[in-house]
Amino acid sequence: MDFEFLLPMSKDDLLNRTEAGQYVVEEVFPQRQMPDRLQDYRKTYKSKGPSAILTCFDSLFSMLCHLKNLDPELKSEAWSIILTGIEDYVDHLPAILDNGNMNSHDRNTNLNVLKMNSYILCQFMEQFESDATKPTILVVPTKGRTKSRKRSNDSFDWETEREKGLAVLCQIVHLNIHRLWEPPIVEEEFVNLITNCCYKLMENPGVSRNKTTKEAIFDILGAMIKKYNHTLGASLKIIQLLHHFEHLVSPLAQAVEKFVNQYNNKSIVSEIMREIGRIDGADLSRDSSGTRALSGFLVELAERIPAVVLTNISVILVLLECESYSMRNCVLSVIGEIVIKVLSNEGLNDKQKKDRNQFLDILEDHLHDVHAFCRSKVLQIWANIVNEKAIPLQREAGVVKLVIGRLQDKSSQVRKNAIQLVTSLLRSNPYTAKLTAEELKENYEKEKAKLEGMLPGREGDNTDTEGAWLEEWKHIEVCLREVTQTLSDDDEEEEEEEMDVDNHFDEDETIQQIKQTIYTALKNKNYKTALEMLVQAKKLWSDDPLFINIRQTDSEDNDVTLDHVKCLKELYKECSASVSTTAEEENNPIVNEVTKQQVLVQYLKDCLTFANQIQQAVPVICQLLGSKNISDIMGAIEFFVTGFEFGVSNSMSGIRHMLSLVWSKESNIKEAVTSAYKRLYLTPGGSNKRANAHVIVSNLTALLSGATLGDATSLEELIKEFVRTKELNASVIQLLWETFTMKLPKTTDEESRTSLVLLGMAAGADLDIVRSNVEVLVREGLGPRADKDFSLVRDVCLALTKLAVNKVKAGSYSEPFRFPQDHDIFARLSAILVSGVMNLDQTDWIPMAEQAINVIYKLSEHPDIVCGDIIKSLANVIKSTYAQTAEGDNGNRPDSQQDNDNRPDSQGEQAPSTDEPEPEITSQPVSQEGQGGQVSELGCPAGVLTRLLSISGQIALCHLVHLDVAVFGELKRRHAIEEEEGSKKTTSNTTKETETETETTEEEMGLAGAAAEDAEAEYIRRITETELVTGSNLLGFIQPLLVAVCSDKTKYPDQNLQTAATMALAKFMMVSSEFCEAHLQLLFTLLEKSPSPVIRSNTIIALGDLSFRFPNLIEPWTSNLYARLRDDSPTVRKNTLMVLTHLILNDMVKVKGQISEMATCIVDTDERIARLAQLFFHELAKKGNAIYNIMPDMISRLSDPEANVQEENFRSIMKYLFSFIQKDKHCESLVEKLCHRFNSTSNERQWRDLAFCLSLLSYNDKSIRKLQEKFACFSNKLADEAVYSCFVTCVNSAKKFAKPEVKVIIEELEERLQACHEKGVEDDEIIQKASKAKGKRAGKTPGRKLGKTPARTRKPAYGSDDSEDDFTHPATRGTAKSQKKGKPKPKLSFSSDEDSDLELFNVDTSNAAMQDKGNSDIENADPNLNVGASPFHSPIRKTKKSVNSKKQDHMSTRTRVRSAKIK
């Protein structure tokens, strides 16, 4: 049997003979004969052994063809027989291969047996693998779930059998099977047969997870690559697999690593990288999954064998220019791995350093990559380099500068990685553990001065050295010029010498070694050689500073010019100095000291530079704490914690800014903030608990010192969290008490107060901290120290208020916690308030008094009695002061006052009636000068009167809250207890027969209970309305004085007195609507006319509170509130904006046309006001169509020339507001409205504004048709270049997404626009020429331009202070003045109704509508106030409201009355 078995490309190739002597399958047996054929093969194998396949191949081939349809048991049996046969053959194969006398027939027979067995084995393995990996339809039901059945025969474990088959193939390829071929080269088909089987198996993800199978495949492929020249085929197949199977990224990288390390085949890496580098960039961009796989493979390959990848890096650098960002990220990551693992060692040669610098340059350049993913990836790579300490020191400053720029990147991912990189740079900095810039600068200046002091003594030595080398050079230069001339004249000789130039240097020599060699040649008078070496060195190191000065000429690179002589001079000078310095250092120890000092100075300079750069990043990262992106905030928190630990000077600003994040709704942000402060302030790291407590207290004290009110509030929440989680343990609390009581030595008053504040904060989470130490607070905080330190008293009061539980659990009828009125707390507070009222040097009396009143009302059983006594005592102080002043002045005193002195003070719960008035308050004024400044009209210092009015206002407000909350709540509690007791009695007396009667009784009781609550609420409301501040009681008697002080600035000029009186007046107005209505005009007069921005700021805030309490009273004055948005003071504008923001967003003020005033705040010069205005409109946009509804009126008002809004500011405002108009129907409606508006405009500025607004809209089909339909409205305005430009912008934006049928309309509209624009320009030129000609004929100034109507004269804008006489009450505006002028002209404005289909600019409006519109024009005129001879103008006369109106006001606020009464 003499034939040749040719390995087929496909099964069908074995059925057709193409060559003589080729083996062909004679017959493919049918499937039913397969069991018999298998048995025949088994019998033949027993008799002939492995060579049985030569006669039974057709049977095995037939089984292969029918394998999919065979019975599993038959397939398993066939596999077992085939595997056994080839294993037996492989066992005998080494002896066969070692037989050197094998003839050609035996060689051919053995080769056929090998190829047939290998073919059948590989084909069976591929088929079994396909069956194992394909999904099956059969489902085996199990308990609770279904499970796919992947094996039909449990006895056949393919994973085990696959390992056996691979083991056989691995034995085959490791033998010298090439001896069976003639010539001894394994044919490519056999190699492909084995390798394709391996690649097919690797397509199964399960193989990648099986270590044994995977290693066997790698061994087979490695042997094929090493022994059978499969390198190119493997590289192509690897790339192909990566394109289709992403799970092979890591396994193939492991395989290549094994090929390189174990089989010593580095060329496969070159082939793979070369093939990847040749892939078209467009293909990489299209195939995202394949590109991802290739990128991951190269990166992992660089991680495993970076040195091998480095030698071939040049072939993939071109991919940095491709469009695929994934591939760019891949190349950059490869560069990063090479830098970290290969080019970060200490002993790098010049070439490696050059490569490293080039790679780092590439990484720096791609920090500005166009794609955010690339910028983000580069930052991650730099972070890895920094963490591995692989960044050169000289590059660190440049990298920090570039990274700081990325902190403001538009991509959140880039910002996140930039923050992480800055943090890594800070942690891994090679300088110092404390980067305090001030200390570093001081040390640097000190060491620099020391260095300068060491250098002057060496100037003479330097001069001598310079003179020595210069003398030597003069002789050398003469000789060099002669040699230069000779070389220039002899070209042939030059060419011959050029051939020898390449032999002067070794490949591993550095530039410094070359310079030294040239210097030695010059010293040895080998001038020609020195010139040749210089020419060659220039070629190799052209970027060295030494060769930059060589003139570039048109001659060849090796031409010798006179510039080379100059270059040699510099080289000789440098080397001479180096030689002399080296010799001097060896002989002179002083030089060593200078060198060390220079190194130290440079080190300190680098430290200072780095610290300054980090400081520059702090403000930027501080802004990121307010970012909407969580990753920005988390990264910023980590940076500031690290910066604080490293002592970065301004990192404390970020630490304080982080406090506000404790209120974040994001749980991970709140946890990060809590963990950060715990790490910074509560983790001292010591072993002694007492010492740790000292450190914690010191840290918290430092954090609280200098904190703003907002910071302190956030810190309180943080400390409460620490107390809840037991982070602040008992030892810390105990130490805080010791510090407060000043038991610790060297404790200052400031530290004592700070500890008290911290204790008060902690008490918010654990009341026992204060409740168990009330006596300590009274003894220490309200003791002798309190008489001199009012701030301490205020802090004690703040701590005591924690005892008042504001929230009561539902269903709880427990009595509120209060102290008796004669408790030491109230006695001491009263004494401190009265005794300290005359101590005007202490400026903290008023804040202390406010907190003291709060404590009294929250903790005293009868706060009205305590506060009544305080007011009477203060009044007595004023009386005594007045008596002393009057007696010292003229000895005369009114009899009424003498009588009053003899009246006893009333006691008890009843409010002081007219039996205890304060007649001195209403007595005629006596102007005097007192100690320390002004004396009030009452004869007492203005400061004392200021304090009296301030505490009176606080008492009025606190009593209102006391009645509304405490008293009313207590009544409800008692009523609930009574109801509960009554229901129990009713239940015990009822029987089954009276169930119906019981239900009726319960319903009646429920109604009676509700009626009782209403009656109680009405009773409290009546008290607050008629008795508290307007009745015959202490506050009622103070009220006239309060009004007098506010009304007459001449008699009471003290600024602090006016401020306190204004605030007290507002608090009095909060109590009673009648009092509020009577003095509302006065309050608005103060708001408009007061010269003090403090008073105006306080007043606008008070009016915001009044708007919540009495909205119907404040509503007519809304325009006056808006007018303060144009106040000169930024503080007033800011407060006004915040007040209006709260009122509008809480629906307490209707959104009307005046909201345009808030829009102007978007371009306010104060950046904070601008941000607040933007935030307001951002929140307003969330309330349905609010922005769209106000947009027409806003455009109308802001585009009015009399609004004085600059065109640039108008555009900025509109750009921001139009960003909220996103619905198509809104855009369509606004297009129509704005087009109609052109008909009623009168000047070019309005044309431009309207056209600009149109250009900000997005256009769909309907919008374009609207624009086309309303073309006549604006066609005559297109002569203006700015207007035409805006419409062109509209058309261009509409073109981008227009449908084909709409594009026709757009093109037609564009033509009409251009035609009208050109015609309008020509008409304007003709009119101008005609006007000039007419003017010359008449000899007069030409008339005004035709086609323009002068703007109508309007009344001054509301809020203007130009005309004080125009200030009238809102209820009386628009009556007298408007009637005198007759029928007003119609005022055109937008309609803010979204659904209105009426004509928006119909000028035929009714007189009534125009009357109301005219009224709104003067709605904001300023009120006038005049009391006596006051510089304020006459009070506003407000029309009296009807009884029904007042009743409505009372009823609307009935359930939320906060009234006060002092009995």
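Residues numbered from 1 in each chain as written. Predicted model: local features only at pLDDT ≥ 70, side-chain atom pairs only at ≥ 80, totals over all residues. Heavy atoms only, no water.

Novice: Let's hear about the overall build of the protein: which residues, and what values?
Specialist: For the protein, the count of helices and strands is 63 helices and 4 strands. For the protein, buried positions account for 49% of its 1463 residues. Within the protein, contacts between residues separated by at least 24 positions form 75% of all contacts whose residues are at least 6 apart in sequence. Summed over all atoms, the accessible surface of the protein reaches about 72,100 Å², with 49% contributed by carbon and sulfur. (Helix = DSSP H or I, 4+ residues; strand = E, 2+ residues; numbered from the N terminus. Buried < 20%, exposed > 50% of the residue type's maximum accessible area, 1.4 Å probe, protein only. Contact = heavy atoms within 4.5 Å. Areas by Shrake-Rupley, 256 points an atom, 1.4 Å probe, with all protein chains shown as cover.)

Novice: Can you lay out the confidence of the model for the protein for me, pointing to particular residues and giving the numbers?
Specialist: Across the protein, pLDDT averages 78, with 77% of residues at or above 70. Of the regions scoring below 50 in pLDDT, residues 890–933 engages in 74 contacts with residues more than four places distant in sequence or in other chains. Note that residues 1371–1463 has pLDDT below 50 and, in this model, 221 contacts with residues that lie over four places away or in other chains. (pLDDT = per-residue confidence, 0-100.)

Novice: Pulling in residues and values, what's your account of unusual backbone geometry?
Specialist: At the junction of Glu182 and Pro183, the peptide bond is cis and its omega measures out at -5° in the coordinates. With respect to the helices, strands and loops of the structure, Pro183 is situated in the loop between α5 (158–174) and α6 (188–202). Although it is not a glycine, Lys389 sits at a positive phi angle of roughly 55°. Overall, Lys389 belongs to the exposed group, its relative accessible area being 59%. A positive phi angle is found at Lys726, which is not glycine, with a value near 65°.

Novice: Would you mind going over the nonpolar core in detail, with residue names and values included?
Specialist: Residues Phe57, Ile177, Phe297, Phe1177 and Met1214 are the most contacted members of the largest nonpolar core, which totals 372 residues. By residue number, the principal contributor to this core is helix α26 (residues 589–624), which donates 14 residues. Apart from the residues within four sequence positions on either side, Phe1177 is in contact with Ile1155, Met1158, Ala1159, Ile1162, Ile1187, Ile1190, Met1194, Tyr1216, Leu1217 and Phe1220. With 25 residues, the next largest nonpolar core counts Cys479, Tyr519, Leu571 and Cys575 among its residues. (Core = buried A, V, L, I, M, F, W, Y, C linked by side-chain atoms within 4.5 Å.)

Novice: I'd like a rundown of the packing of aromatic side chains, residues and numbers included.
Specialist: For the structure shown, the criterion picks out 29 aromatic pairs. Between Trp737 and Phe740 the ring centres are 6.0 Å apart and the planes differ by 70°, which places this aromatic pair in the edge-to-face class. Here Trp737 and its partner Phe740 are both found in helix α32 (residues 730–740), 3 residues apart, which amounts to about one turn of the helix. Across the pair, Phe740 and Trp737 agree in class, each one buried. For the pair Tyr1216 and Phe1220, a centre-to-centre distance of 5.2 Å together with 85° between the ring planes defines the contact as edge-to-face. (Phe/Tyr/Trp six-rings, centres within 6.5 Å; stacked < 30°, edge-to-face > 60°.)

Novice: Got a sec to walk through the pattern of salt bridges? Specific residues and values, please.
Specialist: Summed over all chains, the structure comprises 58 salt bridges. When the shortest N-O distance is used, the salt bridge between Arg162 and Glu129 registers 2.9 Å. On the criterion of sequence distance, the pair formed by Arg162 in helix α5 and Glu129 in helix α4 (residues 104–133) is long-range, its members being 33 residues apart. When sorted by exposure, Arg162 lands in the same class as Glu129, which is buried. Put simply, Lys164 and Glu161 hold a salt bridge, and the shortest N to O gap is 3.6 Å. In this pair, Lys164 and Glu161 are both assigned in helix α5, 3 residues apart and thus about one turn of the helix distant. Using a relative accessible area of 38% as the deciding quantity, one classes Lys164 as partly exposed. The class for Glu161 is buried, based on a relative accessible area of 15%. Residues participating in the shared-partner salt-bridge network are Arg427, Glu638, Glu645 and Arg679. (Salt bridge = Lys/Arg side-chain N within 4 Å of Asp/Glu carboxyl O.)

Novice: Before we move on, could you go through the packing of helix α17 (residues 372–387) against helix α19 (residues 412–427) and cite the residues and values that matter?
Specialist: It is the contact of α17 with α19, at a shortest axis distance of 9 Å, that shows an interaxial angle of 15°. On the basis of the axis angle, α17 is roughly parallel to α19. Every pair of crossing elements has a handedness; the one defined by α17 and α19 is left-handed. Taking contact as the criterion, the partners of Ala372, Arg375, Ser376, Leu379, Gln380, Trp382, Ala383, Val386 and Asn387 in α17 are, on α19, Gln413, Val414, Asn417, Ala418, Leu421, Ser424 and Leu425. (Axes fitted to C-alpha atoms, helices over the stretch in contact; angles between N-to-C directions. Parallel < 35°, antiparallel > 145°, perpendicular 65-115°, else oblique. Left-handed = near helix turned anticlockwise from the far one by under 90°.)

Novice: Give a description of helix α35 (residues 774–781) that names residues and reports values.
Specialist: Most of α35 sits inside the fold, with 6 of its 8 residues counted as buried. Among the structural elements, α32, α33 (749–763), α34 (768–771), α36 (790–800) and α37 (824–836) are those in contact with the buried residues of α35.

Novice: Which residues make up helix α47 (residues 1093–1109), and what values go with them?
Specialist: The end-to-end C-alpha distance of α47 is 25 Å, a good match for the 24 Å that 17 residues give at a rise of 1.5 Å each. For α47, every residue scored as buried is listed here: Ile1095, Arg1096, Ser1097, Thr1099, Ile1100, Ala1102, Leu1103, Gly1104, Leu1106, Ser1107 and Arg1109. (Expected span 1.5 Å × (residues − 1).)

Novice: Explain a negative patch on the surface to me, and be specific about the residues and the numbers.
Specialist: The grouping of Glu775, Glu815, Asp822, Asp824 and Glu861 at the surface amounts to a negative patch. Residue Asp822 is classed as exposed on the basis of its relative accessible area, which comes to 61%. (Patch = residues over 30% accessible without salt bridge, like charges linked within 9 Å, V, L, I, M, F, W, Y side chains within 5 Å. Lys, Arg positive; Asp, Glu negative; His and termini not counted. Charge placed at Lys NZ, Arg CZ, Asp CG, Glu CD.)

Novice: Requested: an account of the packing of helix α9 (residues 231–244) against helix α11 (residues 267–278), with residues and values cited.
Specialist: Between α9 and α11, the least distance of the axes is 9 Å, while the angle of their chain directions is 45°. Here α9 lies oblique to α11, going by the angle between them. Helix-helix and strand crossings are classified by hand; for α9 and α11 the assignment is right-handed. Seen from α9, the contacting residues are Thr231, Leu232, Ala234, Ser235, Leu236, Ile238 and Ile239; seen from α11, they are Ser267, Ile268, Glu271, Ile272, Glu275 and Ile276. For the contact of α9 with α11, the per-class residue count stands at 8 nonpolar, 3 polar and 2 charged. (Nonpolar A, V, L, I, M, F, W, Y, C, P; charged D, E, K, R; others polar.)

Novice: Before we move on, could you go through the environment of Leu625 and cite the residues and values that matter?
Specialist: Inspection of the secondary structure puts Leu625 in the loop between α26 and α27 (630–645). A residue is classified by how much of its surface remains accessible, and Leu625, at 2% relative accessible area, is buried. Along the chain, Leu625 and Gly635 lie 10 residues apart, while their C-alpha atoms are 8.8 Å from each other. Apart from residues lying up to four places away in sequence, Leu625 is in contact with Ile633, Ala636, Ile637, Phe640, Gly654, His657, Met658 and Leu661.

Novice: Got a sec to walk through the side chain of Ser1107? Specific residues and values, please.
Specialist: Position of Ser1107 relative to the elements: it lies in helix α47. For Ser1107, the side chain forms a polar contact with the main-chain oxygen of Leu1103, separated by 2.8 Å. When sequence neighbours within four positions are dropped, the list of residues in contact with Ser1107 reads Ile1114, Leu1121, Leu1143 and Met1148. (Polar contact = N/O pair within 3.5 Å; in protein donor to acceptor, adjacent residues only side chain to side chain.)

Novice: Requested: an account of the environment of Asp409, with residues and values cited.
Specialist: Inspection of the secondary structure puts Asp409 in the loop between α18 (393–406) and α19. Counting along the chain gives 37 residues from Asp409 to Ala372, while the straight-line C-alpha distance between them is 8.8 Å. With residues up to four places along the chain from it excluded, the contact list for Asp409 reads Arg375, Val414 and Arg415.

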